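Understanding the architecture of this molecule
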Amino acid sequence: MNLAITPKKSEGTERLLEVSVPVEEVQQAEEQAAHRYATKVRLPGFRPGKVPAAMVRKRFADAIRQEAIEALVQSAFKQVVDEQKLRVVGQPHIDKLQFDEGKPLTFELHLEVHPELKLDRTTGFRVQRTMRVVNDEAVREQIEQLREQRATWTPVSEKPMPGDMVTVNLATSDESGAMGEGKEYRLVLGEGQAIPGIEEVVMETATGETTERPVKWPDDFPDEAQRGKTKKVRATLVDVKRKTLPDVDETFAREAGDFESTEALTAAVRADMEKVAERETESEVRQRLVDEIISANPFDVPQAWVQQLVQAYAESYKIPEGDREKFAGEFRTVAEKQVRRDLVIETIAEREMLKASEADIDKRVAEVAEKRGSEPGQVYASLQKAGRLTELERSITEDKVFAWLLEKNEVQS
């Protein structure tokens, strides 16, 4: 088509183009749409495909018009992208569409494009490697977590205290003072699962008994409308369970990982924590290198990618629909940082020819197979079936990019 394309905005990754489709193209599209309708519509008194064109155009004017618009917009969009050599990301949208009889079809095309990263400077940076120390206290805390995971909960008959797990039926009064219907909850007291005032009421109550008294809501309560309000609370205690932690002995060591002694368990915990600390240290070094590169080479990122990542994380974290807007606002900065990081890695990989090759993938699969005691072919098929080969390829590429960056920049310990 002989389109008229007028750029209206070209900032960063945003593009706004005004597109005009000539009258002749519009009329032709309408004729084609009318012809398609004429071949498939059925009207009483006419055989299929034999309905007069004039009758079809009159009877199905709106549908024909809509089909013509859709066909023209799709064709025009494809032509604009090809002619302008645009690498479109996200979903483009149409605005200010005008389609009047005997006039050109005009609309504004809003879209985002893949950013062009020059990355003029990727070497000569100096970053700090901050070593994470695994001390005895950290190891003890980790073993305490293992004890917590293997804790047992035993019913008790006395009033609950902080740390106890309770099943309690709670009801609160409404604005008029009337007590609402109770609802059963399971809470661990002292862990902030209920406001302090309610926990106090629960701890005043014996199993099978009910306590009712006024409670003031905290001034920092998440729901602003409830802050500082005083309401009656009725608590009926159903049961109380108290936690018992296992002793750190040989039995615990065997159950925690089939270790022969507590010394062997402690050594294994320390070794695992040191591996984690090493990975986290190297991850920080990588991020500091990326931050230096981004700071020296500013670039815009498509907000469509940022939004897609926010949505992906919201689904992964199972964020309720009602909380997703708040989550997006809080997480957007993190998502944008991730998009920038990915773009830097992608650009360096392409420019320095560091993308994972088939040989790289085969080698990594063989390493995984050896650790699992499996055949490489089985591991490859398993990864392929799970859709994780792309993830593996990306991981290898990232490792190669950072190996290159570590050679070209200075890391101080």
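See the structure shown above.
All values derive from a computational prediction rather than experimental measurement.

So, about the overall build of the protein chain. For the protein chain, the count of helices and strands is 12 helices and 11 strands. In terms of overall size, the protein chain is more extended than a compact globule, its C-alpha atoms giving a radius of gyration of 33 Å where 413 residues would be expected to give roughly 22 Å. Principal-axis analysis of the C-alpha atoms places the extent of the protein chain at approximately 90 × 70 × 45 Å. By residue count, 34% of the 413 residues in the protein chain fall in the buried class. Expressed as a percentage of contacts within the protein chain between residues at least 6 apart in sequence, the contacts between residues at least 24 apart total 65%. Accessible area of the protein chain: about 25700 Å², with a carbon and sulfur share of 47%. In the protein chain, the 62 positive side-chain charges and the 79 negative ones have mean positions that sit 5 Å from each other.

Bringing the pairing of strand β10 (residues 230–244) into the picture now. For a regular strand, the rule is simple: side chains alternate between the two faces of the sheet. Here 4 bridges tie strand β6 (residues 152–155) to β10, and the two strands are oriented antiparallel to one another. Paired with W153 across the bridge in β10 is K243. The sheet contact formed by strand β7 (residues 165–172) and β10 spans 8 bridges and is antiparallel. Opposite N169, over in β10, you have T236 as the bridge partner.

A few words now on the sheet that holds strand β1 (residues 4–11). With antiparallel pairing, the 4 strands of this open sheet are ordered in space as β1-β2-β4-β3. Among the strands making up the open sheet, the edge pair consists of β1 and β3 (88–98). Strand-to-strand, the axes of this sheet are offset by a mean angle of 20°, without reference to chain direction. Both β3 and strand β4 (residues 105–113) contribute to a ladder of 6 bridges, which runs antiparallel. Counted as the bridge partner of D95 is E108 from β4. Packing of helix α3 (residues 61–84) onto the sheet brings it into contact with β1, β2 (14–21), β3 and β4, and relative to β4 it is tilted by some 50°.

This paragraph deals with the packing of helix α9 (residues 324–351) against helix α12 (residues 389–408). Running from N to C, α9 and α12 cross one another at 75°; their axes reach a closest spacing of 10 Å. With respect to α12, the element α9 is oriented roughly perpendicular. Together, R341, I345, I348 and A349 of α9 and T397, E398, V401, F402, W404 and L405 of α12 make up the contact between the two elements. Looking at the contact of α9 with α12 residue by residue, the classes come out as 7 nonpolar, 1 polar and 2 charged.

Turning next to the packing of aromatic side chains. Counted according to the given criterion, the structure contains 5 aromatic pairs. Aromatic pair Y313 and F331: ring centres 4.8 Å apart, planes at 55°, arrangement tilted. In this pair, Y313 sits in helix α8 (residues 303–316) while F331 sits in helix α9, placing the two residues 18 residues apart along the sequence. Relative to F327, the ring of Y317 lies with its centre 6.2 Å away and its plane at 85°, an arrangement referred to as edge-to-face. Of this pair, Y317 sits in the loop between α8 and α9 while F327 sits in helix α9, and the two are 10 residues apart along the sequence.

Taken together, D247, D249, E250, E255 and E263 make up a surface patch of like negative charges. With respect to the element layout, D249 can be found in the loop between β10 and α6 (250–257). Residue class for D249 comes out partly exposed when judged on its relative accessible area of 32%.

So, about the environment of V73. Tracing the sequence through the fold places V73 in helix α3. A C-alpha to C-alpha distance of 66 Å links V73 and E137, two positions 64 residues apart in sequence. Beyond its immediate sequence surroundings of up to four residues, V73 is in contact with I94, L97, L105 and F107.

A few words on unusual backbone geometry. In the Ramachandran plot, K85 falls in the positive-phi region, its phi being about 55° despite a non-glycine side chain. By the secondary structure assignment, K85 is in the loop between α3 and β3. Although it is not a glycine, D258 adopts a positive phi angle of roughly 60°. Along the chain, D258 falls in the loop between α6 and α7 (262–296).

Conventions used here
- Residues numbered from 1 in each chain as written.
- Predicted model: local features only at pLDDT ≥ 70, side-chain atom pairs only at ≥ 80, totals over all residues.
- Heavy atoms only, no water.
- Helix = DSSP H or I, 4+ residues; strand = E, 2+ residues; numbered from the N terminus.
- Rg over C-alpha atoms; globule rule 2.2 N^0.38 Å.
- Buried < 20%, exposed > 50% of the residue type's maximum accessible area, 1.4 Å probe, protein only.
- Contact = heavy atoms within 4.5 Å.
- Areas by Shrake-Rupley, 256 points an atom, 1.4 Å probe, with all protein chains shown as cover.
- Lys, Arg positive; Asp, Glu negative; His and termini not counted.
- Charge placed at Lys NZ, Arg CZ, Asp CG, Glu CD.
- Pairing = 2+ DSSP bridges.
- Axes fitted to C-alpha atoms, helices over the stretch in contact; angles between N-to-C directions.
- Parallel < 35°, antiparallel > 145°, perpendicular 65-115°, else oblique.
- Nonpolar A, V, L, I, M, F, W, Y, C, P; charged D, E, K, R; others polar.
- Phe/Tyr/Trp six-rings, centres within 6.5 Å; stacked < 30°, edge-to-face > 60°.
- Patch = residues over 30% accessible without salt bridge, like charges linked within 9 Å, V, L, I, M, F, W, Y side chains within 5 Å.
- Salt bridge = Lys/Arg side-chain N within 4 Å of Asp/Glu carboxyl O.

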